[in-house]
Amino acid sequence: MTTIVVSPLARIAEMAVRHGASEMISLMAKEQSFHRPAVIKAERHLLLGMNDISFAGTGDLVAPQETHVRDIIDFARSWDRTAPLLIHCWMGVSRSPAAALIAALAVHPGEDDLTLARRLRTASRYATPNTRLIMIGDEVLGRKGRLVDAVKAIGRGADADGNAPFVLPLPAEIDVP
């Protein structure tokens, strides 16, 4: 079964090695620096500079934008799925779970949004997907509100300390458009 591994920054190297990932999406604030794990191919690392906020117009902070979401979708659709995709942000709770849902629907558009969101909740009791990323992803992927409603249905995750990576399994049959 194909999987997406979601991790906080502090555990990306461990998770990449443990799960055999060679491709990674990083959703980090522009001023945050980190080292890409050696097992991640440089040409298969997407770095998106954004803060974990749900609205635009907050001074120097960068809100998730449609271009970020389109980059996630394009990267996911180019993922060869021979190994897990690693997605991370600072805490592994908001931006990266949202990106994982978007990536999952990019490669499996026939997936039921609520089933996917429930699978996310089963994988992580802490995940609270970033609402702005989810809203933009819903629009760009043409989900007609289903993704937004599904994320609302699973509710806010439990309080987290940023040390709870998880694996989101994807269906065996992948139907890329």
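In this text the structure is predicted, and so the values were computed from the model without any measurement.

Caption draft 1: Layout of the overall build of the protein. Within the protein one finds 6 helices and 5 strands. Reading the protein from its N end, one meets helices and strands in the order β-α-β-β-α-β-α-α-α-α-β. Restricting the contact set of the protein to residue pairs at least 6 apart, pairs at least 24 apart contribute 72%. Carbon and sulfur atoms make up 51% of the accessible area of the protein, which totals about 8100 Å².

Caption draft 2: Broad picture of the pairing of strand 4 (residues 85–89). With 5 of 5 residues buried, strand 4 lies mostly within the body of the structure. Inspection of the sheet shows strand 1 (residues 3–8) paired to strand 4 by 5 bridges, in the parallel sense. By the bridge assignment for strand 4, Pro8 is matched with Cys89. Here strand 2 (residues 23–28) runs beside strand 4; their pairing, made up of 4 bridges, is parallel. In the strand pairing of strand 4, Ile25 is matched with Ile87.

Caption draft 3: Spatial organisation of unusual backbone geometry. Although it is not a glycine, Arg81 sits at a positive phi angle of roughly 60°. Counting through the fold element by element, Arg81 comes out in the loop between helix 2 (66–78) and strand 4. Since its relative accessible area comes to 22%, Arg81 is described here as partly exposed. Non-glycine residue Lys144 carries a positive phi angle of around 60°. As for its position among the elements, Lys144 is in the loop between helix 5 (131–140) and helix 6 (146–154). According to the relative accessible area criterion, Lys144 is exposed, its value standing at 76%.

Caption draft 4: View of the packing of aromatic side chains. In total, this model carries 0 aromatic pairs according to the counting rule given. Sitting above the plane of the Phe75 ring, Arg44 keeps its charged end 4.1 Å from the centroid. Residue placement shows Arg81 over the ring face of Trp79; its charged tip is 6.0 Å from the ring centre.

Caption draft 5: Seen up close, the pairing of strand 1. The buried fraction of strand 1 amounts to 6 of the 6 residues, a majority that puts the element mostly inside the structure. Burial of the side chains of strand 1 extends over both faces: Thr3, Val5 and Ser7 are buried on one face and Ile4, Val6 and Pro8 on the other. Examined bridge by bridge, strand 1 and strand 5 (residues 166–169) share 4 bridges and lie antiparallel to one another. From the neighbouring strand, Val5 faces strand 5, where its bridge partner is Val167.

Caption draft 6: The side chain of Ser94, seen in detail. Its place among the elements puts Ser94 in the loop between strand 4 and helix 3 (95–107). Residue classification places Ser94 among the buried residues on the basis of a relative accessible area of 12%. For Ser94, the side chain forms a polar contact with the main-chain oxygen of Thr128, separated by 3.3 Å. Ignoring any residue separated from it by four or fewer positions in sequence, one finds Ser94 in contact with Asp52, Cys89, Thr128, Pro129 and Asn130.

Caption draft 7: Region of the structure containing the pattern of salt bridges. For the structure on display, the rule yields 8 salt bridges. One salt bridge connects Glu14 with Arg18, and the closest N-O pair in it is separated by 2.8 Å. With Glu14 and Arg18 both in helix 1 (residues 12–19) and 4 residues apart, the pair spans about one turn of that helix. Judged by relative accessible area, Glu14 falls into the partly exposed class, the value being 33%. With a closest N to O distance of 2.8 Å, Arg143 and Asp113 form a salt bridge.

Rules of the game
- Residues numbered from 1 in each chain as written.
- Predicted model: local features only at pLDDT ≥ 70, side-chain atom pairs only at ≥ 80, totals over all residues.
- Heavy atoms only, no water.
- Helix = DSSP H or I, 4+ residues; strand = E, 2+ residues; numbered from the N terminus.
- Contact = heavy atoms within 4.5 Å.
- Areas by Shrake-Rupley, 256 points an atom, 1.4 Å probe, with all protein chains shown as cover.
- Buried < 20%, exposed > 50% of the residue type's maximum accessible area, 1.4 Å probe, protein only.
- Pairing = 2+ DSSP bridges.
- Phe/Tyr/Trp six-rings, centres within 6.5 Å; stacked < 30°, edge-to-face > 60°.
- Lys NZ or Arg CZ within 6 Å of the ring centre and 35° of its normal.
- Polar contact = N/O pair within 3.5 Å; in protein donor to acceptor, adjacent residues only side chain to side chain.
- Salt bridge = Lys/Arg side-chain N within 4 Å of Asp/Glu carboxyl O.

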